[in-house]
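Per-entry structural report
Below, each chain spelled out in residue letters.
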Amino acid sequence: MTTDWRALEARYFFHTGKRMPVVLVRGQGTRVWDENGKAYLDFFGGPAALSLGHCHPVVVQALVDQAQKLIHVSNAVYSIPQIQLAHLLIQNSAFDRVFFCNSGAEANEGAIKLARKWGKEKKNGAYEIISAENSFHGRTLAMVTAGGTERYRAPYAPLPPGFVHVPFNDVDAIKRATNDRTLAVFLEPIQGEGGVNVPDDDYLRQVRAWCDERDILLILDEVQTGFGRTGKLFAYELYGAEPDIITLAKGIGSGVPLGAFMAKEHCAVFEPGDHGTTYGGNPLMTRVGHAVVSYIIENNIPDRVADLGEYVQRRFASLEDRFDFVVDVRGKGLIWAVQFDRDIGEAVTLRCLEEGLIANNVRPNALRITPPLTVTEEELDEGFAILERVLPEFAS
Ligand code: PLP
């Protein structure tokens, strides 16, 4: 008798989110297989976490090698993989110091703690963080507060004070919200969970200039956009606006739980005892991180993503031309959303799943794709063929 995994899940779990009706048991590259052996193209990717796809040989090799050597030690001692990964990240970015953790939310928590300490020491106790409506920074109490979705924070009040929200892509709103208490502006360069919202080309540069003028920090959450996703190693390069602090996760580990935040020296105010973690940066995860980031850099993956991004844009543009209920297409590199004129995101996603394509209804009216950065043009064609088969069913 086969096990009904979905029934067991329904019995045992807190139902904190809706799952797609599929039980996945195996993955390779852009493809995954369910418990019945049916294959799917995975354009959701973890979400946006599987930079090198499923079970990439460099990830598997790093896991196996390191697992046979040293899996975990405390951060009270030195371990080589995390120092090697720190070196690689700092050599390839605008930052001077790093802290490793296990997830995006933790990276953001650490970044906000660092900024708050900087505010106490260097800016007369300033503590207010300006973040954006529709932003997503993770699910801890402080991060649902920083995030721009009321529904995610309302049940948990009282919330930590010191977060204010402004519309995304509106530098004047940031200027109006700035006061003597303002410590930092905290943004995703492109909003991922908020629906793949791409700002104007000069938005981040203008925000950077404002932060400089008012001596406040710019913190960029590149948990989703980092490590080649947008066609540059980091999205701040795309916009010519270096943050003071950057947060990272997802693509850094291609499927293993690893996060980090990095800062420039001028705001690297942590001292012994200020922050810590048991598992963050452990040898197993950082060895994988080093393998993944090395692979991304050595194989010019960001350039490849930029080229594929142009291809994806053309394919989506042709969908927009063909189907009048497709009202917007937005994205960069390999993060894209297609918006419909009504809330059919979930229905379209479920039909794609039946046809063998895993995508994501990032908004009730939008479908997002964040395939592995190693996806081939043929796989993209296969995915678009499925979309082209499914979308006519939704013509009104
Ligand atoms: N920040 C951004 C931009 C994200 O997209 C996410 C997750 O989707 C997070 C933070 C939270 O990361 P995690 O789920 O690893 O805590």
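Treat the numbers as computed from the prediction; the structure is a model and nothing was measured.

1. Things to note about the pattern of salt bridges
Summed over the entire model, instances satisfying the criterion amount to 23 salt bridges. Note that E265 and R97 form a salt bridge whose closest N and O atoms lie 3.2 Å from each other. Of the two residues, E265 is situated in the loop between β10 (259-263) and α11 (283-298) and R97 in strand β4 (residues 97-101); the sequence distance between them amounts to 168 residues. Residue E393 pairs with R351 through a salt bridge whose shortest N-O separation is 2.7 Å. Of this pair, E393 sits in the segment after α14 (377-390) while R351 is found in helix α13 (residues 345-355), placing the two residues 42 residues apart along the sequence. For E393, a relative accessible area of 45% corresponds to the partly exposed category.

2. Some thoughts on the site of the ligand
In the vicinity of the ligand there are 13 residues, among which G104, A105, D221, Q224 and K250 approach most closely. Within the backbone of G104, a nitrogen or oxygen atom sits 2.8 Å from an oxygen atom of the ligand. For the ligand, a nitrogen atom lies 2.7 Å from a polar atom in the side chain of D221. In the complex, 82% of the free accessible area of the ligand, which totals 390 Å², lies under the protein chains. By residue number, the principal contributor to the shell around the ligand is helix α5 (residues 104-122), which donates three residues. A class-by-class count of the residues in the shell around the ligand yields three nonpolar, six polar and four charged.

3. Here we look at the packing of α13 against α14
Contact geometry for α13 and α14: axes closest at 10 Å, N-to-C directions at 120 degrees. Viewed along their axes, α13 and α14 adopt a mutual orientation that is oblique. Viewed along their axes, α13 and α14 form a crossing whose handedness is right-handed. Residues V348, R351, C352 and E355 of α13 form the contact with α14, whose own contacting residues are I386, L387, R389 and V390. Classifying every residue of the contact of α13 with α14 gives five nonpolar, no polar and three charged.

Criteria and cut-off values
Residues numbered from 1 in each chain as written. Predicted model: local features only at pLDDT ≥ 70, side-chain atom pairs only at ≥ 80, totals over all residues. Heavy atoms only, no water. Salt bridge = Lys/Arg side-chain N within 4 Å of Asp/Glu carboxyl O. Helix = DSSP H or I, 4+ residues; strand = E, 2+ residues; numbered from the N terminus. Buried < 20%, exposed > 50% of the residue type's maximum accessible area, 1.4 Å probe, protein only. Near = heavy atom within 4 Å. Polar contact = N/O pair within 3.5 Å; in protein donor to acceptor, adjacent residues only side chain to side chain. Areas by Shrake-Rupley, 256 points an atom, 1.4 Å probe, with all protein chains shown as cover. Nonpolar A, V, L, I, M, F, W, Y, C, P; charged D, E, K, R; others polar. Axes fitted to C-alpha atoms, helices over the stretch in contact; angles between N-to-C directions. Parallel < 35°, antiparallel > 145°, perpendicular 65-115°, else oblique. Left-handed = near helix turned anticlockwise from the far one by under 90°. Contact = heavy atoms within 4.5 Å.

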